[in-house]
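# Architecture at a glance
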Amino acid sequence: MGPLLIIGQGLKTPGVLLVLLGTVVTVAGLLPGVNFFTALPTLRGIVRKTLPTWFGRLCFVAAGAFLVYWGLTHGRR
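Now for a description of the structure that goes with this document. Worth saying up front: this structure is predicted, and the values here are computed from it rather than measured.

## Observations concerning the overall build of the protein chain
- Counting its regular elements, the protein chain contains three helices and two strands.
- For the protein chain, the α and β elements follow one another from N to C terminus as α-α-β-β-α.
- Within the span of the protein chain, comprising 77 residues, buried residues form 13% of the whole.
- Of the roughly 6,200 Å² of accessible surface on the protein chain, 72% is carried by carbon and sulfur atoms.

Laid out in C-alpha cells, this is it:
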C-alpha cells in the first residue's frame, strides 16, 4: 500500500528521508581510507583514474549538504 501512496502523490520524497540520505552520503564520503575514481573514455576503452581525496570528499559533502537542505526546506509541503 505504501508504494501506491507514494505514486499517488506524484513521487514526492518525504523530507525526513532526504535528510537521512544526505547524512548517509556525507558520512560515506568522510570515511577514512576511501579512494575516489572517475571513468574516462579512451581509445582503448574506459580507464578508471583516481581523484584527489579532498575533491572526492568535497563532492560527497556537497551532495549530502544539498540533500539535507532540500529535505529541510522543500520536504514540508
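Now, onward.
## Observations concerning the environment of Leu17
- Topologically, Leu17 is positioned in helix α2 (residues 15-30).
- Under the relative-accessibility criterion, Leu17 is labelled partly exposed at 46%.

## Some points on the side chain of Thr26
- When you line up the elements, Thr26 lands in helix α2.
- When residues no more than four places from it in sequence are discounted, the contact partners of Thr26 are Phe60, Val61, Gly64 and Ala65.

## Observations regarding the packing of aromatic side chains
- Summed over all chains, the structure comprises three aromatic pairs.
- Where Trp54 meets Phe55, the ring centres are 5.8 Å apart and the plane angle is 80°; that geometry is what we call edge-to-face.
- By relative accessible area, which is 59% here, Trp54 ends up exposed.
- A residue is classified by how much of its surface remains accessible, and Phe55, at 34% relative accessible area, is partly exposed.
- Considering the side-chain rings of Phe66 and Trp70, the 5.8 Å spacing of their centres and the 35° angle between planes classify their relative orientation as tilted.

How each quantity is defined
Residues numbered from 1 in each chain as written. Predicted model: local features only at pLDDT ≥ 70, side-chain atom pairs only at ≥ 80, totals over all residues. Heavy atoms only, no water. Helix = DSSP H or I, 4+ residues; strand = E, 2+ residues; numbered from the N terminus. Buried < 20%, exposed > 50% of the residue type's maximum accessible area, 1.4 Å probe, protein only. Areas by Shrake-Rupley, 256 points an atom, 1.4 Å probe, with all protein chains shown as cover. Contact = heavy atoms within 4.5 Å. Phe/Tyr/Trp six-rings, centres within 6.5 Å; stacked < 30°, edge-to-face > 60°.

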